[in-house]
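Letter by letter, the chains look like this.
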Amino acid sequence: MRRKVSVFGATGSVGRNTIAVLEEQGGAEAFEVVALSGAGNVALLAEQARRLSARLAVTGDPARLGELRAALEGSGIEAAAGPAALLAAASEPVDWTMSAIVGAAGLSVSLRAAGHGGVLALANKESLVCAGELLRATCARHDTKLVPVDSEHSAIFQALRGEESRAVERVILTASGGPFRDWTRERMATVTPAQARAHPNWSMGERISIDSATMFNKAMEMIEARELFDLAPDQIEVIIHPQSIVHSMVGFNDGSIMAQLGPSDMRGAIGFALNWPERRPLALDRLDFAALARLDFAAADPVRFPALRLARAVMREDGLSGAVFNAAKEAALDAFLIGAIGFLDMAILVEHVLDKLAPEAAQAGTGYDLEAVLDLDTTARRMSGLWVAAYSGGR
Ligand code: NAD
Ligand code: MG
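Residues numbered from 1 in each chain as written. Chains lettered and ligands numbered in written order. Predicted model: local features only at pLDDT ≥ 70, side-chain atom pairs only at ≥ 80, totals over all residues.

Okay, the overall build of the protein chain next. Each helix and strand counted, the protein chain has 19 helices and 12 strands in total. Here the C-alpha atoms of the protein chain give a radius of gyration of 20 Å, agreeing with the 21 Å that 2.2 N^0.38 yields for 395 residues. For the protein chain, the spread of C-alpha atoms along the principal axes amounts to about 55 × 50 × 40 Å. Per-residue burial over the protein chain gives 49% buried out of 395 residues. A separation of at least 24 residues holds for 68% of the contacts in the protein chain among residues at least 6 apart in sequence. (Helix = DSSP H or I, 4+ residues; strand = E, 2+ residues; numbered from the N terminus. Rg over C-alpha atoms; globule rule 2.2 N^0.38 Å. Buried ≥ 20, exposed ≤ 12 C-beta atoms within 10 Å, placed from the backbone. Contact = placed C-beta atoms within 7 Å.)

We now examine the UniProt feature "domain: DXP reductoisomerase C-terminal" (unreviewed entry) in the protein chain. The positions UniProt marks with the feature "domain: DXP reductoisomerase C-terminal" (unreviewed entry) are residues 261-382. Summarising residues 261-382: 59% helix, 2% strand, and an end-to-end C-alpha distance of 41 Å. (UniProt positions renumbered as here; feature names shortened; annotations may be inferred.)

Near ligand 1, the surroundings consist of 25 residues, among which Gly-12, Ala-39, Gly-60, Met-204 and Gly-205 are the closest. When contributions to the shell around ligand 1 are tallied by element, the ones reaching two or more residues are α1 (13-24), α7 (125-142) and α11 (206-214). The leading source of residues in the shell around ligand 1 is α1, at three residues. Grouping the constituent residues of the shell around ligand 1 by class yields 12 nonpolar, nine polar and four charged. Summarising the domain contributions, the shell around ligand 1 has at least three residues from each of domain 1 (3-148) and domain 2 (151-264 + 285-302). (Near = placed C-beta within 6 Å. Nonpolar A, V, L, I, M, F, W, Y, C, P; charged D, E, K, R; others polar. Domains from an automatic or database assignment.)

Moving on, we come to the domain arrangement of the protein chain. Accessible area lost upon the coming together of the parts serves often as the stated size of an interface. Segmentation of the protein chain into domains returns domain 1 (3-148), domain 2 (151-264 + 285-302) and domain 3 (317-395). Centre-to-centre, using C-alpha coordinates, domain 1 lies 27 Å away from domain 3. On the domain 3 side, the residues contacting the 12 residues of domain 1 number 11 residues. Elements with a minimum of two residues in the side of domain 1 that touches domain 3: α6 (107-114) and α7. Sort the elements by how many residues they give to the side of domain 1 that touches domain 3 and α7 lands first, with seven residues. Among the residues forming the side of domain 1 that touches domain 3, the class breakdown is seven nonpolar, three polar and two charged.

Turning next to the sheet that holds strand β7 (residues 144-148). Across the sheet, which stays open at both edges, the seven strands sit in the order β4-β3-β2-β1-β5-β6-β7 with parallel pairing between neighbours. Every other strand in the sheet has two partners, leaving β4 (78-81) and β7 as the edge strands with one partner each. Averaged over all neighbouring strand pairs, the angle between strand axes comes to 15°, with direction disregarded. Pairing analysis gives five bridges linking strand β1 (residues 3-8) to strand β2 (residues 31-38), with the strands arranged parallel. (Pairing = 2+ DSSP bridges. Axes fitted to C-alpha atoms, helices over the stretch in contact; angles between N-to-C directions.)

It is worth spelling out unusual backbone geometry at this point. Trans peptide bonds make up the majority, and among non-glycine residues the majority have a negative phi. The omega torsion across Trp-276 and Pro-277 is 5°, close enough to zero to call that bond cis. Mapped onto the elements of the fold, Pro-277 is located in the loop between α13 (267-275) and α14 (289-292). Positive phi values are uncommon outside glycine, yet Ser-53 reaches one of about 45°. Owing to 15 C-beta atoms within 10 Å, Ser-53 belongs among the partly exposed residues under this scheme. Of note, the phi angle at Asp-230 is positive, near 55°, even though the residue is not glycine. Of note, Asp-230 is situated in the loop between α12 (216-229) and β9 (236-240).

Taking strand neighbours across the sheet as the criterion, the five strands line up as β11-β10-β8-β9-β12 in an open arrangement whose pairing is mixed. One side of each edge strand has no neighbouring strand; the edge strands of this open sheet are β11 (257-261) and β12 (298-299). By the bridge criterion, two bridges tie β9 to β12 in an arrangement that is antiparallel. Looking at β12, one finds that Ile-239 is bridged to Ala-299. Along the sheet, helix α8 (residues 151-159) makes contact with β8 (168-175), β10 (246-252) and β11, crossing β10 at roughly 40°. Sheet strands touched by α12: β8 and β9. Its angle to β8, the strand with the most contacts, is close to 150°.

Here we take up α11. Two residues of an α-helix separated by three or four positions point the same way, owing to the 3.6 residues in each turn. Of all the nine residues making up α11, eight are buried; the element is thus mostly covered by neighbouring parts of the structure. When we look at burial in α11, the residues that qualify are Arg-207, Ile-208, Ser-209, Ile-210, Asp-211, Ser-212, Ala-213 and Thr-214. Two residues or fewer after α11 comes Met-215, characterised by a positive phi angle close to 65°.

Here the focus is the environment of Pro-359. Within the secondary structure layout, Pro-359 lies in helix α18 (residues 358-363). Assessed through the 9 C-beta atoms surrounding it within 10 Å, Pro-359 is described here as exposed. Considering only alpha carbons, one finds Pro-359 and Gly-319, 40 residues apart in sequence, at a separation of 9.8 Å.

With that out of the way, let us pick up the environment of Glu-152. Looking at the element boundaries, Glu-152 is found in helix α8. Classification of Glu-152 by C-beta neighbours within 10 Å gives buried; the count is 28. Taking the C-alpha atoms as reference, Glu-152 lies 19 Å from Arg-136; in sequence the two are 16 residues apart. Beyond its immediate chain neighbours, meaning those up to four positions away, Glu-152 contacts Leu-173, Thr-174, Glu-221, His-247 and Ser-248.

Structure (structure tokens):
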């Protein structure tokens, strides 16, 4: 029988890689594709839906329904648009869901998909950062298996197979360090969006690429690791590894380290999540150690990259400080992209909003619901906007 699958964020960087893996692993003959989603790129969405004979294609943008319908004409594929249609699609039961929308917009979709069992392949790290406890509880209640797609967390997940959790001493997240790994703060102050977009090793969406340059991406991944693997904050370490070949490591109580290595290609983690609990052949490059010759490691610097320090503060708090952190980070990135604030201001803004909303975040405690998360997300974005306005006005 064909496995039922849905892919949310199919037109993005992870999404396109997911479609490529699904096609490589048998395409429409092996998978019954229930829903694919995108936002602006309706032509690509329609093309993907046709290639995989999807039942339904959904664009998050309600203004593009007509365009999507036209692009699907004669295919028999149903078209839908808007946030409500997206949630309805995510509620359709499937065996495997890829959650690869970017940003907090992916949270509601992850939660819906967690509500119908099967495997939830999670690329949208924001879901865990904003509402880790809620997502994990939803998965537990519906017997949904959460399989991480972020390469670091896939590495840790793989290294933990067959191990007892009480034997885990620490996890070590590797970080490329981004394009400004060795830059001084003075030099970083002048960085433009175009410079920040160019990741040295991975080809990814614009937002995560810039988050890698500030190391906000690694900060998010520290929080993501805490939520996924039930770790204490001081069990989570970050090490700079410029080659991005060691995807991350687990340290055990006997001093042993298990590392997962591979090419810097997201199809590896996506394929692993698709075939889990099995391993199947994937047509990726094989590592050539003689050609690589060396793997370097260096300490990560929380002074030049304050996002790492802020992540530690967030991990120490219960409640919804992760949701505040993410919303302020997304707002800061929006402001940086339009030139309203500078590269280094992003962390200053996030720290300001985290401080201001600490009482509200703590008050949420445990047992919060989606509405509480979305409310605090809105508040944090509004507060970020005020900071940006005051900043721009003062210049
Ligand atoms: P991307 O920007 O390339 O793609 C985003 C996708 O989400 C697109 O399909 C877009 O149409 C859709 N989308 C955007 N806003 C939407 C909205 N409001 N409603 C509905 N759909 C919307 O992003 P990406 O780089 O593929 O990243 C996706 C997620 O995966 C992010 O959470 C990112 O942190 C995570 N991730 C990405 C990579 C990578 O290699 N790119 C690696 C690890 C984790
Ligand atoms: Mg990652």
